[in-house]
Amino acid sequence: MTRELTQLKESILNAAFASREGHIPSALSILDILWVLYNGVMNINPSDPADDTRDRFLLSKGHAALGLYAVLADCGLIDPAELSDFCSFHSRLGGHPERTKIPFVEASTGSLGHGFPIAVGVAMGLKIRQNSARVYTLCGDGECNEGTIWEAAMLAAHHKLDNLCCIVDHNHSTDRALDIGNLEAKFAAFGWHAVTIDGHDHSAIRTALAAQCSGSSRPFAIIAKTVKGKGFQTMEGNPAWHHKSPTSDELADLVKELYAQ
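Not measured: the values here are computed from a predicted model.

Visitor: How should I be thinking about the nonpolar core in this particular structure?
Guide: Tyr 38, Phe 57, Leu 72, Ile 167 and Leu 209 are the most contacted members of the largest nonpolar core, which totals 55 residues. Discounting residues that sit within four places of it in the chain, Tyr 38 has contacts with Ile 44, Phe 57, Leu 68, Val 71, Leu 72, Cys 75, Leu 77 and Phe 104. Of all hydrophobic cores here, the second largest spans 29 residues; its members include Ala 107, Ala 119, Leu 164 and Cys 166.

The following block contains the structure:
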């Protein structure tokens, strides 16, 4: 793990501790994916969030917003100082991302199953306007229990939205409630090109994202195998941490574990 990512993880911990809010394990499971996306994959102009030629990213699993905020801050797209104000009354960084407040946030999300269909609509609109920008969306495996996901998936395949890439954060958070099964096979059955990768392997993430531009006329799904709470033994696979803020003692232990890696 690079020092930069270590610092991003520490910033997530500190923001959740200060605010007593946030979904730390979900933020950690998508952090590697977002870091790769925003570092050399997406075409964006940091000085112009409204640039119509920009690629779009929609975080469908909005409760993992801390991961997105940390990466936006790291890339200079928002002020890093804002992280310390996460979820305060006057902060624009809420527990779910808000399109009207934060640059480079394309949709206000949080209600599961909504962000992905919005991404399909955005991709279709770009196609109609013959705009070559790409649309990336990240949803959770639990979110894939929603019917709106599959309705939108059928629509995307029917309209051959090859400018759309859906990344599924497959951290098995839904297994206890409903086993989602083979997501790669499901997306393929709905007419998508789909691959499964290690969602914490930067090389694998980058290779998969590059493959989507290979000339297929189908939308592209990346099933990213991830670990909820990646890197912290007390968090990994522990439902108690889903929406838990660390105590001061727990924070100290987590930071110590982080820098021992």
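Visitor: How should I be thinking about the packing of helix H2 (residues 24-41) against helix H3 (residues 65-74) in this particular structure?
Guide: Two numbers describe a pair of packed helices, the interaxial angle and the distance between the axes. Look at H2 against H3: their axes get within 8 Å of each other, and the N-to-C directions meet at 35 degrees. Seen from above, H2 lies across H3 with right-handed handedness. Contacts from Ala 27, Leu 31, Leu 34, Trp 35 and Tyr 38 in H2 reach Leu 66, Gly 67, Leu 68, Val 71, Leu 72 and Asp 74 in H3. Across the contact of H2 with H3, the residue classes break down as 9 nonpolar, 1 polar and 1 charged.

Visitor: I keep staring at the packing of H2 against helix H7 (residues 202-211) and nothing clicks. Help me out?
Guide: Axis separation between H2 and H7 bottoms out at 10 Å; the angle between their running directions is 55 degrees. As summarised for this structure, H2 and H7 are arranged oblique, according to the angle between their axes. Handedness of the crossing formed by H2 with H7: right-handed. Each of Asp 32, Ile 33, Trp 35, Val 36, Leu 37, Asn 39, Gly 40 and Val 41 in H2 lies in contact with H7, whose residues at this interface are His 202, Ile 205, Arg 206 and Leu 209. In the contact of H2 with H7, the residues fall into 7 nonpolar, 3 polar and 2 charged.

Visitor: I keep staring at the pairing of strand S5 (residues 220-225) and nothing clicks. Help me out?
Guide: If a strand is regular, its side chains alternate between the two faces of the sheet. The buried fraction of S5 amounts to 5 of the 6 residues, a majority that puts the element mostly inside the structure. Pairing geometry for strand S3 (residues 164-170) and S5, over 6 bridges, is parallel. Opposite Cys 166, over in S5, you have Ala 221 as the bridge partner. Across 6 bridges, strand S4 (residues 193-198) lies against S5 in parallel orientation. When the bridges of S5 are listed, Val 195 appears paired with Ile 222.

Visitor: Please clarify how the pairing of S3 should be interpreted in this entry.
Guide: S3 sits mainly inside the fold: 7 of its 7 residues count as buried. Residue alternation in S3 divides its side chains into two sets, Leu 164, Cys 166, Val 168 and His 170 and Cys 165, Ile 167 and Asp 169, and both sets are buried. Viewed along the sheet, the connection from strand S2 (residues 135-140) through helix H5 (residues 147-158) into S3 turns out right-handed.

Quick notes on the rules
- Residues numbered from 1 in each chain as written.
- Predicted model: local features only at pLDDT ≥ 70, side-chain atom pairs only at ≥ 80, totals over all residues.
- Heavy atoms only, no water.
- Core = buried A, V, L, I, M, F, W, Y, C linked by side-chain atoms within 4.5 Å.
- Buried < 20%, exposed > 50% of the residue type's maximum accessible area, 1.4 Å probe, protein only.
- Contact = heavy atoms within 4.5 Å.
- Axes fitted to C-alpha atoms, helices over the stretch in contact; angles between N-to-C directions.
- Helix = DSSP H or I, 4+ residues; strand = E, 2+ residues; numbered from the N terminus.
- Left-handed = near helix turned anticlockwise from the far one by under 90°.
- Nonpolar A, V, L, I, M, F, W, Y, C, P; charged D, E, K, R; others polar.
- Parallel < 35°, antiparallel > 145°, perpendicular 65-115°, else oblique.
- Pairing = 2+ DSSP bridges.
- Right-handed = clockwise from strand over helix to strand, strands pointing away.

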